[in-house]
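# Overview (structure and organization)
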Amino acid sequence: MSGPETYLRYKRSRFSTRLHRERRYSASHQWLWEREPGVWCVGYTKFALRMLGDPVEFEFEKALGARVGEGEVVGWVEGFKAVTDVFAPLAGEFAGSNPELDTDITLLVSAPYERGWLFAVRGEPGAGALDAAGYSQFLDTTIDRMTGGSS
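In this report, we go over the structure that sits alongside the text. (Residues numbered from 1 in each chain as written. Predicted model: local features only at pLDDT ≥ 70, side-chain atom pairs only at ≥ 80, totals over all residues. Heavy atoms only, no water.)

## What to know about the packing of aromatic side chains
The condition is simple: Between the rings of Phe, Tyr and Trp (Trp by its six-membered ring), a pair exists once the centres lie within 6.5 Å; its type follows the angle of the planes, with under 30 degrees stacked, over 60 edge-to-face, and the other angles tilted. Segments assigned H or I by DSSP are reported as helices when at least four residues long, segments assigned E as strands when at least two residues long, and all are numbered from the N terminus. Buried residues are those whose accessible area, probed at 1.4 Å on protein chains only, stays under 20% of the maximum for their type, while exposed residues exceed 50% and partly exposed ones sit between those limits. Working rule: Lys NZ or Arg CZ, within 6 Å of ring centre, within 35 degrees of ring normal, means a charge sits over the ring.
Taken as a whole and assessed by the stated rule, the structure comprises nine aromatic pairs. Residues Tyr25 and Tyr135 carry aromatic rings whose centres are separated by 4.9 Å and whose planes lie at 10° to one another, so their mutual orientation is stacked. Pair noted here: Tyr25 is in strand β3 (residues 24-25) and Tyr135 is in helix α3 (residues 132-147), with a separation of 110 residues, a long-range link. Per residue, the accessibility class of Tyr25 equals that of Tyr135, and both read buried. If you follow Arg18 out to its NZ or CZ, it ends over the ring of Tyr7, 4.0 Å from the centre. Arg23 extends its terminal NZ or CZ atom over the ring of Trp31, reaching a point 4.4 Å from the ring centre.

In structure tokens:
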């Protein structure tokens, strides 16, 4: 069981979430979790999923073992609100997509920080990877831009 120190609680305007302190975050609203040394699972944050809407379909364009660059498109996800490219938040080797999503894409929403990860990359996050506190500041700026001011 995780204690309260495991998470950073975040609330701004009408949005709230818990950010895992042991993860890294990207400006494209993805989280990164090192599931084994050098292999990082990547998933969407609750904020990204709110903008996307309920996911209905996805596809990855990279083959297992293919090189990926930080910021490179590796696939796409379609939601009820939008279709979006999926970017790699770190450079390295594509280590595969989450096989559970093939049978249950709703895991992206129902378990976004656990079983609902999108894909994995063997590599190391770059200098742009944020900790939970840094990502919460980035969320403040993003939400302020969307709402036209501070909340």
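## As for a negative patch on the surface
This is how it is decided: Only residues whose relative accessible area exceeds 30% and that form no salt bridge enter a patch; like-charged residues are grouped when within 9 Å of one another, and nonpolar side chains (Val, Leu, Ile, Met, Phe, Trp, Tyr) when within 5 Å. The Shrake-Rupley method, run with a 1.4 Å probe, gives the accessible areas here. Residue values count only the displayed protein chains as cover. Between Lys or Arg on one side and Asp or Glu on the other, a salt bridge is scored when a side-chain nitrogen of the former is within 4 Å of a carboxyl oxygen of the latter. We treat Lys and Arg as the positive residues and Asp and Glu as the negative residues; His and chain ends play no part in the count. To locate a charge, the coordinates of NZ of Lys, CZ of Arg, CG of Asp or CD of Glu are taken.
Taken together, the side chains of Glu57, Glu59, Glu61 and Asp85 define an acidic patch exposed on the protein surface. With respect to the helices and strands, the residue Glu61 is situated in the loop between β6 (55-60) and β7 (67-68).

## Some thoughts on the pairing of strand β10 (residues 90-97)
We count it as follows: At least two bridges found by DSSP between two strands are what make those strands a pair.
The pairing of β7 with β10 spans two bridges and is classified as antiparallel. Bridged to Val68 within β10 is Gly92. The sheet contact formed by β10 and strand β11 (residues 119-125) spans six bridges and is antiparallel. Bridge assignment links Phe94 to a residue of β11, and that residue is Val121.

## Describing a positive patch on the surface
Taken together, the side chains of Arg14, Lys46, Arg50 and Lys81 define a basic patch exposed on the protein surface. Within the element layout of this structure, Arg50 appears in helix α1 (residues 46-52). With relative accessibility at 36%, the residue Arg50 sits in the partly exposed group.

## Brief notes about the pattern of salt bridges
In the structure shown here, the tally under the stated rule is seven salt bridges. The closest approach of N and O atoms between Arg12 and Asp144, which form a salt bridge, is 2.7 Å. Of the two residues, Arg12 is situated in strand β1 (residues 7-12) and Asp144 in helix α3; the sequence distance between them amounts to 132 residues. Under the relative-accessibility criterion, Asp144 is labelled partly exposed at 22%. Ionic pairing is found between Arg115 and Glu100, a salt bridge with its closest N-O pair at 2.5 Å. A residue pair is termed long-range when its members are at least 10 positions apart, and Arg115 in the loop between α2 (107-110) and β11 and Glu100 in the loop between β10 and α2 qualify at 15 residues. The partly exposed category is assigned to Arg115, whose relative accessible area is 45%. On the accessibility criterion, Glu100 (30% relative accessible area) is partly exposed.

Read these as spatial facts, not as claims about activity.
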